[in-house]
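# A closer look at the structure
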Amino acid sequence: MQAISTDRIEKRIEVRAPRSRVWRAIADATEFGAWFGMKLDQPFTEGATIRGEITISGNEHAVQLQVERIEPERLFAYRWHPYAIDSKIDYSSEPTTLVEFRLEEIVGGTAVTIIESGFDQIPITRRAEAFRMNDRGWAGQIKKLERYVA
Amino acid sequence: MSPNRGGAALRLPDAAPVFAALGDATRLRLLRRLSADGPLSITRLSEGTGVTRQAITRHLDTLEAAGLVRDARRGRERVFALSVKRLEIARQYLDHVAAQWDAAAARLKEFVEADE
């Protein structure tokens, strides 16, 4: 059995672009929104709370980012409510997860590590709702869950 | 939680103690053991742990209160089995979030490599 870790996700990708270019794509709110699929109402500055809309088709919802840290060309970190997709729910009093983008120069480009952590603080009922809320492509997952939650 | 919507509503018990229960090395070992070997008696679960039977029993009670194991008593002996619901939900959720980050990372790569 794998170690039990339900708290964090870590992804590392290598891109063929200079670190300065990748940094701009992450730390510039407009560029960030362009690839992420998010419309944001102001630039990223440390301590700022930025409101916006996720524009990914089938997953549109309001979003709020609290910018935690900006270390140019090295680290960009924010907090948000993961999967806060039900507009009828006020998530503001619930715990947030921390999203970090870490950049590192490598031969021929840049390594980007994306870490999201703090899921174990998110109520399990909220996490289960992620399955319930998303109708598209979830039939199989829901069936699996029903077996466990019946 | 908002009322049921759609057919496949999930009714979940309150989950507050779950992650507190997971925050202990001995309890995590017990869960791994039950996951690997199936239902086991307290005697078997205590073997080779260097932890007293009484302490193991307390840990199992904590895990049971959190819904992570269930008491599958056999006759006079208490036997514990893994109850996978919460862990399964937590894992499935993480898998889903991970898939979303995979997709976002691919979009980021495409975005920054486009002007090279």
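The structure this text deals with has already been given above.
Since this is a predicted model, take the numbers as computed values, not measurements. (Residues numbered from 1 in each chain as written. Chains lettered and ligands numbered in written order. Predicted model: local features only at pLDDT ≥ 70, side-chain atom pairs only at ≥ 80, totals over all residues.)

### Considering the packing of helix α1 (residues 19-27) of chain A against helix α5 (residues 85-113) of chain B
Each pair of packed helices gets described by two things: the angle between the helix axes and the distance between those axes. The geometry of α1 of chain A relative to α5 of chain B is characterised by a closest axis approach of 10 Å and an angle of 125° between their N-to-C directions. One finds that α1 of chain A runs oblique with respect to α5 of chain B. Judged by the twist between their axes, the crossing of α1 of chain A over α5 of chain B is right-handed. The segment α1 of chain A lies against α5 of chain B, with Arg 21, Val 22 and Ala 25 of chain A engaging Leu 108, Phe 111 and Val 112 of chain B. Classifying every residue of the contact of α1 of chain A with α5 of chain B by side-chain character gives five nonpolar, no polar and one charged. (Axes fitted to C-alpha atoms, helices over the stretch in contact; angles between N-to-C directions. Helix = DSSP H or I, 4+ residues; strand = E, 2+ residues; numbered from the N terminus. Parallel < 35°, antiparallel > 145°, perpendicular 65-115°, else oblique. Left-handed = near helix turned anticlockwise from the far one by under 90°. Contact = placed C-beta atoms within 7 Å. Nonpolar A, V, L, I, M, F, W, Y, C, P; charged D, E, K, R; others polar.)

### Details of α5 of chain B
In an α-helix, one full turn covers 3.6 residues, which means residues spaced three or four apart are oriented alike. In this model, α5 of chain B (29 residues) spans 42 Å end to end at C-alpha, consistent with the 42 Å of a helix rising 1.5 Å per residue. All buried positions along α5 of chain B are accounted for by Lys 85, Arg 86, Leu 87, Ile 89, Ala 90, Gln 92, Tyr 93, Leu 108, Lys 109 and Val 112 of chain B. (Expected span 1.5 Å × (residues − 1). Buried ≥ 20, exposed ≤ 12 C-beta atoms within 10 Å, placed from the backbone.)

### As for the nonpolar core
Generally speaking, nonpolar side chains in soluble globular proteins are found buried as a group. If you look at the biggest cluster of nonpolar residues, it comprises 20 residues, and the most contacted ones within it are Val 22, Ala 25, Ile 26 and Val 112 of chain A together with Val 112 of chain B. Listing elements by their share of this core, those giving two or more residues are α1, α2 (29-36), β5 (75-80) and β6 (97-106) of chain A together with α5 of chain B. Looking at this core, the element that brings in the most residues is α1 of chain A, giving five residues. When residues no more than four places from it in sequence are discounted, the contact partners of Val 22 of chain A are Val 15, Ala 17, Leu 103, Thr 110 and Val 112 of chain A together with Val 112 of chain B. Core analysis: the second largest hydrophobic core is formed by 18 residues, Ile 124 of chain A together with Leu 60, Leu 68 and Val 69 of chain B among them. (Core = buried A, V, L, I, M, F, W, Y, C linked by C-beta atoms within 7 Å.)

### With respect to helix α2 (residues 25-37) of chain B
Residues and elements named next belong to chain B. For α2, spanning 13 residues, the distance from its first C-alpha to its last is 18 Å, which sits close to the expected 18 Å at 1.5 Å a residue. Of the residues making up α2, those classed as buried are Arg 27, Leu 30, Leu 31 and Leu 34. Along α2, the residues classed as buried sweep out an arc of 95° about the axis, all on the same side. Looking at α2, the residues exposed on the side facing more than 90 degrees away from the buried face are Ala 25, Ala 36 and Asp 37. (Arc of directions from axis to C-beta.)

### Observations concerning the pairing of β6 of chain A
Residue and element names in this part refer to chain A. Pairing between β5 and β6: six bridges, direction antiparallel. Along β6, the bridge assignment pairs Phe 76 with Phe 101. In the sheet, β6 pairs with strand β7 (residues 109-117) via nine bridges, with the strands oriented antiparallel. When the sheet's bridge partners are listed, Leu 98 is paired in β7 with Ser 117. In this structure, the hairpin formed by β6 and β7 is closed by a connection of two residues, where Gly 108 is found at a positive phi of approximately 85°. (Pairing = 2+ DSSP bridges.)

### Examining the sheet that holds β6 of chain A
The strand order across the open sheet formed by seven strands is β1-β7-β6-β5-β4-β3-β2 (chain A), and the pairing between neighbours is antiparallel. Looking along the sheet, the strands with just one partner apiece sit at the ends: β1 (8-15) and β2 (38-40) of chain A. The sheet shows a mean angle of 25° between the axes of neighbouring strands, taken without regard to direction. Sheet topology note: the β2 of chain A/strand β3 (residues 49-54) of chain A ladder contains three bridges and is antiparallel. Looking across to β3 of chain A, one finds that Lys 39 of chain A is bridged to Glu 53 of chain A. Helix-sheet contacts for α1 of chain A involve β1, β4 (61-71), β5, β6 and β7 of chain A, and the interaxial angle to β6 of chain A is about 165°. The strands that α5 of chain B touches are β1 and β7 of chain A; relative to β1 of chain A, the one it contacts most, it runs at about 20°.

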